[in-house]
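What follows is the residue order along each chain.
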Amino acid sequence: MKGVIAGLEMREPSSLDEALSAMRNDPSLVPLAGCTDLYVALNFGTLESTRFLNLWSIDELRVIEKSNDALSIGALTTYKSIIQSKLVRKRLPMLISAAREIGGAQIHNRGTLGGNIANGSPAGDTLPVLAAADATVVMRSADAERRVPLTQFYTGYRKSVLRADELIVAVEIPSFSGKQWFRKVGTRAAQAISKVVMAAVRSPRPRIALGSVAPTVIRLPMTEGALEEGAPIQEAQRILMDEISPIDDMRSTEEYRRRVASNLLGRFWAETE
Ligand SMILES: Cc1cc2nc3c(=O)[nH]c(=O)nc-3n(C[C@H](O)[C@H](O)[C@H](O)COP(=O)(O)OP(=O)(O)OC[C@H]3O[C@@H](n4cnc5c(N)ncnc54)[C@H](O)[C@@H]3O)c2cc1C
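Cut-offs applied
Residues numbered from 1 in each chain as written. Predicted model: local features only at pLDDT ≥ 70, side-chain atom pairs only at ≥ 80, totals over all residues. Heavy atoms only, no water. Salt bridge = Lys/Arg side-chain N within 4 Å of Asp/Glu carboxyl O. Helix = DSSP H or I, 4+ residues; strand = E, 2+ residues; numbered from the N terminus. Buried < 20%, exposed > 50% of the residue type's maximum accessible area, 1.4 Å probe, protein only. Pairing = 2+ DSSP bridges. Axes fitted to C-alpha atoms, helices over the stretch in contact; angles between N-to-C directions. Phe/Tyr/Trp six-rings, centres within 6.5 Å; stacked < 30°, edge-to-face > 60°. Lys NZ or Arg CZ within 6 Å of the ring centre and 35° of its normal. Near = heavy atom within 4 Å. Polar contact = N/O pair within 3.5 Å; in protein donor to acceptor, adjacent residues only side chain to side chain. Areas by Shrake-Rupley, 256 points an atom, 1.4 Å probe, with all protein chains shown as cover. Arc of directions from axis to C-beta. Domains from an automatic or database assignment. Contact = heavy atoms within 4.5 Å. Buried area = accessible area lost by both parts, 1.4 Å probe. Nonpolar A, V, L, I, M, F, W, Y, C, P; charged D, E, K, R; others polar.

**Points about the pattern of salt bridges**
Part 1 of the reasoning: If you walk through the whole model with that rule in mind, you get 21 salt bridges.
Part 2 of the reasoning: The partner of arginine 146 in a salt bridge is glutamate 166, with the nearest N and O atoms 2.6 Å apart. Placement of arginine 146 in strand E7 (residues 145-149) and of glutamate 166 in the loop between strand E9 (159-160) and strand E10 (167-173) is noted, with a sequence separation of 20 residues between them.
Part 3 of the reasoning: You can call arginine 146 partly exposed: its relative accessible area is 27%.
Part 4 of the reasoning: Residue glutamate 166 is classed as buried on the basis of its relative accessible area of 3%.
Part 5 of the reasoning: We note a salt bridge from arginine 163 to glutamate 166, for which the minimum N-O separation is 3.8 Å.
Part 6 of the reasoning: On the accessibility criterion, arginine 163 (40% relative accessible area) is partly exposed.

Listed below in structure tokens is the structure:
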């Protein structure tokens, strides 16, 4: 019987340098991390690629460390490692809240932060956290390294500035203060993709990011500005309506998403007083 993986090729680099030179020499190679998104696409028959580069054994992409004063999380870090990391718990507890609600145990063991970013779904649960935390995506090719703020990484629905010869190697999160808040609204608590997801920080100028309400994850600069200037929450909730553009799809409706986004903003404000 012919299975979905028949006819596929896989390269197994043993170092980051080896992976990057393979990508420079063959731009058709598709990087593969935990494979939790790729395998779904393969099963659905929507994956056109046949040549893959397995990153799984590149341990240098699994490091969680303090780099200068920023928190640096390697792209291959799994949700399980994020949940277990004392450094992430101390610096970015809202990422742990997000990781806990992503899939189940199997996804925690295989799904990676870099895969969630590169996959670029507007419902990706780590993305509002990274956007609210002013994270920077670190990308490397065989020739150069570059850094792009997560809020400028996406150029449209599932489109990003990442080039075919580049890998995401890490994300860097600068140090910041303020109460962190995360909430995912889905059909049920686990194994459900978000209908709306919000991450926020209660700092003098609040930082608020939403997923599943626009083609990409978004920050809410007008809402943030209004709250900074002391506007009542009801006014901020009205402003929020102009900053989001949710759609009807198989998971939810525009109207429901608008109502939930507004309620989440209210909850964030009340719970972080
Ligand atoms: C049952 C199930 C439940 C899920 N639940 C959730 C959920 O609740 N919330 C959520 O956000 N997601 C969920 N997902 C989606 C998925 O698990 C995550 O997006 C995960 O983080 C993807 O990581 P991965 O390592 O498995 O990526 P892969 O499948 O290996 O790769 C995904 C994409 O990223 C690219 N890529 C991977 N790593 C890199 C890199 N370092 N540099 C450049 N490109 C790279 C690949 O080429 C591919 O295009 C779920 C998936 C399944 C199957």
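That shown, we press on.
**A short note on the sheet that holds strand E1 (residues 9-11)**
Sheets are built from strands paired through backbone hydrogen bonds, the pairs being either parallel or antiparallel.
Part 1 of the reasoning: Read from one edge of the open sheet, three strands run E1-E3-E2, paired in parallel fashion. Only two strands of the sheet have a single partner each, and these edge strands are E1 and strand E2 (30-32). Neighbouring strand axes in the sheet, compared pairwise and without regard to direction, differ in orientation by 35° on average.
Part 2 of the reasoning: As paired elements, E1 and strand E3 (residues 51-54) share three bridges and run parallel to each other. From the neighbouring strand, methionine 10 faces E3, where its bridge partner is phenylalanine 52.

**Digging into the packing of aromatic side chains**
Part 1 of the reasoning: Per the stated rule, a full pass over the model turns up three aromatic pairs.
Part 2 of the reasoning: Ring centres of phenylalanine 153 and tyrosine 154 lie 5.0 Å apart, and the angle between their planes is 85°; this geometry places the pair in the edge-to-face category. Neither phenylalanine 153 nor tyrosine 154 differs from the other in exposure class; each is buried.
Part 3 of the reasoning: Three or more aromatic residues joined by ring pairs form one cluster here, namely Trp181, Phe268 and Trp269.
Part 4 of the reasoning: Sitting over the ring of tyrosine 256, lysine 195 keeps its end group 5.8 Å from the ring centre.

**Looking at unusual backbone geometry**
Part 1 of the reasoning: At aspartate 134, a position not held by glycine, the phi torsion is positive, near 55°.
Part 2 of the reasoning: Mapping aspartate 134 onto the fold places it in the loop between helix H8 (126-132) and strand E6 (136-140).
Part 3 of the reasoning: Accessibility expressed as a relative area gives 36% for aspartate 134, which makes it partly exposed.
Part 4 of the reasoning: Positive phi is not limited to glycine here, since arginine 158 has a value of about 55°.

**Considering the site of the ligand**
Part 1 of the reasoning: Pro31, Thr36, Asp37, Tyr79 and Thr112 are the nearest of the 33 residues found near the ligand.
Part 2 of the reasoning: Taking cysteine 35, its main chain carries an N or O atom lying 2.8 Å from an oxygen atom of the ligand.
Part 3 of the reasoning: Residue aspartate 125 places a side-chain N or O atom 2.8 Å away from a nitrogen atom belonging to the ligand.
Part 4 of the reasoning: Notes on the ligand: free accessible area 980 Å², of which the protein chains cover 87%.

**So, helix H11 (residues 233-243)**
Part 1 of the reasoning: If you check which residues of H11 are buried, you get Ile233, Ala236, Gln237, Ile239, Leu240 and Glu243. The arc that holds the buried residues of H11, viewed along the axis, is 165°, so those residues lie on one side. In H11, the exposed residues that point more than 90 degrees away from the buried face are Arg238 and Asp242.

**A closer look at the domain arrangement of the protein**
Part 1 of the reasoning: Split into domains, the protein comes out as domain 1 (9-54), domain 2 (59-173) and domain 3 (179-271).
Part 2 of the reasoning: Taking the mean C-alpha position of each, domain 1 and domain 2 sit 18 Å from one another.
Part 3 of the reasoning: Listed by partner, the interface residues are 14 residues for domain 1 and 18 residues for domain 2.
Part 4 of the reasoning: When the area that domain 1 buries against domain 2 is broken down by residue, the three leading residues are Leu16, Leu20 and Met23, summing to 42%.
Part 5 of the reasoning: If you look at where domain 1 meets domain 2, you find one salt bridge.
Part 6 of the reasoning: Put simply, arginine 24 and aspartate 143 hold a salt bridge, and the shortest N to O gap is 3.2 Å.
Part 7 of the reasoning: If you look at where domain 1 meets domain 2, you find five residue pairs in polar contact (both at pLDDT 80 or more).
Part 8 of the reasoning: A per-element tally of the side of domain 1 that touches domain 2 places helix H1 (residues 16-25) first, with six residues.
Part 9 of the reasoning: Looking at the side of domain 1 that touches domain 2 residue by residue, the classes come out as eight nonpolar, four polar and two charged.

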